[in-house]
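# A structural walkthrough
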Amino acid sequence: MIDVVNAVRAVKGLSGISDEDAFDIVPTVRTACAEIYGRLKDRENSDDLRVMNVCIYLSYYRILLHKMLTGELSERFKVGDINITQSPSLLLEKAAEMHDSALLSAAELLTDTDFIFVSVGSGKDSDNSETG
């Protein structure tokens, strides 16, 4: 099983969430870990660092998306005497890039359920019967 506690710690570090607020992200991280665990080709790969990274960055992306949609993601914040301005959409875009990169690196360990390819017939409709 994927180590949810370590994933929470990593997401907490990425997002700058306080210790008190870390409990709020546990369901999101647990869901991401379960989703990725379900996509593993071999359950023995659940402790692979590439798999952990996919869980971390998927969780981080979903947390940022939630904060952006609820207005909790502020554009300005202060660190000491320095005021910092950030674009929430740029932050979300970078989180998506990190997730995509992690997903690509773990692709050989995961089943691909994102696309379904359907064979197209030869043009003859086998369900149509000609009546004479």
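Now for a look at the structure at hand. (Residues numbered from 1 in each chain as written. Predicted model: local features only at pLDDT ≥ 70, side-chain atom pairs only at ≥ 80, totals over all residues. Heavy atoms only, no water.)

## A look at the overall build of the protein
Secondary structure summary: the protein contains four helices and two strands in total. Beginning at the N terminus, the succession of helices and strands in the protein can be written as α-α-α-β-β-α. The buried share of the protein, taken over its 132 residues, is 27%. For the protein, the proportion of contacts with a sequence separation of at least 24, taken over those separated by at least 6, is 65%. For the protein, the accessible surface area stands at approximately 9300 Å², while carbon and sulfur atoms represent 52% of it. (Helix = DSSP H or I, 4+ residues; strand = E, 2+ residues; numbered from the N terminus. Buried < 20%, exposed > 50% of the residue type's maximum accessible area, 1.4 Å probe, protein only. Contact = heavy atoms within 4.5 Å. Areas by Shrake-Rupley, 256 points an atom, 1.4 Å probe, with all protein chains shown as cover.)

## Quick word on the environment of Asp48
In this fold, Asp48 is placed in the loop between α2 (22-38) and α3 (49-70). Between the alpha carbons of Asp48 and Leu109 there is a distance of 9.1 Å; along the sequence they are 61 residues apart. At 2.8 Å, the side chain of Asp48 and the backbone nitrogen of Arg50 are in polar contact. (Polar contact = N/O pair within 3.5 Å; in protein donor to acceptor, adjacent residues only side chain to side chain.)

## A few points about the packing of aromatic side chains
Counted by the stated rule, this structure contains zero aromatic pairs. Over the face of the ring belonging to Tyr37 we find Arg43, whose NZ or CZ atom lies 4.7 Å from the ring centre. (Phe/Tyr/Trp six-rings, centres within 6.5 Å; stacked < 30°, edge-to-face > 60°. Lys NZ or Arg CZ within 6 Å of the ring centre and 35° of its normal.)

## Examining the pattern of salt bridges
In this structure the tally under the stated criterion is five salt bridges. For Asp19, the salt bridge goes to Lys12, with nearest N and O atoms at 2.9 Å. A relative accessible area of 52% means that Asp19 is categorised as exposed. Between Arg50 and Glu108 there is a salt bridge, with its nearest N and O atoms 3.4 Å apart. With Arg50 in helix α3 and Glu108 in the segment after α4 (88-105), the pair connects residues that are 58 residues apart, well separated along the chain. Classification of Arg50 as partly exposed rests on a relative accessible area of 27%. Look at Glu108 and you get exposed, because its relative accessible area is 56%. Put simply, Asp48, Arg50 and Glu108 are held in one network by salt bridges that share partners. (Salt bridge = Lys/Arg side-chain N within 4 Å of Asp/Glu carboxyl O.)

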